[in-house]
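Below, each chain spelled out in residue letters.
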Amino acid sequence: VTVNESNVTYINGELRGAGSVENINTSTAANERVQTYIADTSGGNIVVSLPTEPTTGKIWNFKKTTAPNTLQLRATPKTIDGSLTLNINKKDIAITIQFDGNNYIII
């Protein structure tokens, strides 16, 4: 299903165009409509809490753009390749994860 609204396109509930990439500098809960999170950790660690029951097949991209501090993806009670958290500590590292219906996998 594709819905166009005010220069924004939703494809199967996922936002495309404006709003599909979100810049963050504080901890947040991941939203299924957003595809990519760009994290500026210069002000401190950022935790992104992943949903416990997202749509099977949902893919998110995460990128850390600054050197200091940590971007942490938290899947509790689910796992990311067997771990409850995934820490991104280096600048310009990008990670793509997908929900497989049970847990998250790095792809």
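Every chain is numbered independently, its residues counted from 1 as its sequence is written. Confidence filtering applies because this is a predicted model: local features only for residues at pLDDT of at least 70, side-chain atom pairs given and counted only at 80 or more, and all residues used for totals across whole chains, interfaces and linings. Calculated side-chain values reflect all of the structure's heavy atoms, with hydrogen atoms and water omitted.

Asks: Break down the pattern of salt bridges for me, with residues and values.
Replies: When a carboxyl oxygen of Asp or Glu lies within 4 Å of a side-chain nitrogen of Lys or Arg, that pair is called a salt bridge. Tallying each qualifying case throughout the model produces two salt bridges. Residue Lys-78 is joined to Glu-53 by a salt bridge in which the shortest nitrogen-to-oxygen separation is 3.0 Å. Residue Lys-78 is found in the loop between strand 9 (71-74) and strand 10 (85-88), and its partner Glu-53 is found in the loop between strand 7 (46-49) and strand 8 (59-64); the two are separated by 25 residues along the sequence. For the exposure calls, accessible area comes from a 1.4 Å probe over protein chains only, and a residue counts as buried if that area is under 20% of its type's maximum, exposed if over 50%, partly exposed in between. On the accessibility criterion, Glu-53 (56% relative accessible area) is exposed. A salt bridge links Asp-92 to Lys-91; the nearest nitrogen and oxygen atoms lie 3.8 Å apart. Lys-91 sits in the partly exposed class, given a relative accessible area of 47%. The secondary structure listing takes helices from DSSP runs of H or I that are at least 4 residues long and strands from runs of E that are at least 2 residues long, numbered from the N terminus.

Asks: Hey, could you go over the nonpolar core for me, with residue numbers and the actual values?
Replies: Put simply, buried Ala, Val, Leu, Ile, Met, Phe, Trp, Tyr and Cys residues joined by side-chain atoms within 4.5 Å make one nonpolar core. Ranked by internal contacts, the top residues of the largest apolar core, which has 20 residues, are Val-48, Leu-50, Phe-62, Ile-80, Ile-97 and Tyr-104. Those elements giving two or more residues to this core turn out to be strand 6 (36-39), strand 7, strand 8, strand 9, strand 10 and strand 11 (93-99). No other element matches strand 11, which puts three residues into this core.

Asks: Account for the packing of aromatic side chains, with residues named and values stated.
Replies: Ring geometry is summarised as follows: Phe, Tyr and Trp rings, the Trp one being its six-membered ring, pair when their centres sit within 6.5 Å, and such pairs are stacked at plane angles under 30 degrees, edge-to-face over 60 and tilted between the two. Under the definition given, this model contains three aromatic pairs. Ring centres of Tyr-37 and Phe-62 lie 5.6 Å apart, and the angle between their planes is 10°; on these two criteria the pair is classed as stacked. Of the two residues, Tyr-37 is situated in strand 6 and Phe-62 in strand 8; the sequence distance between them amounts to 25 residues. The buried category is assigned to Phe-62, whose relative accessible area is 1%. Among the aromatic side chains, those forming a connected cluster through ring pairs are Trp-60, Phe-99 and Tyr-104. Ring-over charges, as used throughout, are those where CZ of Arg or NZ of Lys falls within 6 Å of the ring centre and within 35 degrees of the ring normal. The side chain of Lys-58 reaches across the aromatic face of Trp-60, ending 5.0 Å from its centre.

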